[in-house]
Amino acid sequence: MASDCWNESKLVSGRLDAARASDIECFVRSGGSALIAVEPDDHCAAALTGVEVVSDLPTTEWFVTLADTAAAARLDPEVAVSSPLRPLRPIAGDVEVVATTSVRFEHHPTIAIRTLGAGRLVITALGDLDAVRRHSTIGPFVARLLRPVAPARTTDLGVGVVGYGPFGGMGYLH
């Protein structure tokens, strides 16, 4: 449930110092999850998240395009959101971009994930975390990213009727 996810995850905004970044990293490595809105020129956040901010854009309506991932299942692939925008640039090889926004005809990462130990960081370019949480599409998408559901293990079992076609013997059991 989304509310449980939000209650269990850390929501982080503002500049990070080394001590706060270390606390977040320990929390995530031990299996926690955190949503981080990275600030421009925040070197501690960049080292932790593996992304840096390209520019600081004002609050307006931005269109976010979700990547074709399991977390985006049954959600609109492109949605509008009103928030300040800080387009991201991955600087670490283990960062996965899961949403983009077109700015001046160029797609920039808007939401990215980075796995650290047993947990994960979800990094957003949307500066207003309350707007992210309340949004009818972005909120569930981010909640799914914070607490991904492992695929259920099943054994394939099927039932079939062989040789009982539409001709002859229809409706009769021999």
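Keep in mind that this is a model prediction, so the values were computed, not measured.

(A) Quick look at the pairing of strand S4 (residues 57-66). Two strands pair when backbone bridges link them, and S4 and strand S5 (residues 78-85) are joined in this way by 7 bridges, in the antiparallel orientation. Counterpart to Thr65 in the pairing with S5 is Glu78. Bridge count for S4 against strand S7 (residues 95-103) is 3 bridges, and the pairing is antiparallel. Among the inter-strand pairings, Thr65 is bridged to a residue of S7, identified as Thr100.

(B) Local environment of helix H2 (residues 18-29). Here H2 spans 16 Å end to end across 12 residues, near enough to the 16 Å set by a 1.5 Å rise per residue. The complete set of buried residues in H2 reads Ala21, Ile24 and Val28. The arc that holds every buried residue of H2, seen down its axis, measures 65 degrees, which confines them to one face. Among the exposed residues of H2, those oriented more than 90 degrees off its buried face are Ala18, Asp23 and Cys26. Looking at the buried residues of H2, the elements they touch are strand S1 (10-12), strand S2 (33-37), helix H3 (43-49), strand S8 (106-116) and strand S9 (119-124).

Definitions and cut-offs
Residues numbered from 1 in each chain as written. Predicted model: local features only at pLDDT ≥ 70, side-chain atom pairs only at ≥ 80, totals over all residues. Heavy atoms only, no water. Pairing = 2+ DSSP bridges. Helix = DSSP H or I, 4+ residues; strand = E, 2+ residues; numbered from the N terminus. Expected span 1.5 Å × (residues − 1). Buried < 20%, exposed > 50% of the residue type's maximum accessible area, 1.4 Å probe, protein only. Arc of directions from axis to C-beta. Contact = heavy atoms within 4.5 Å.

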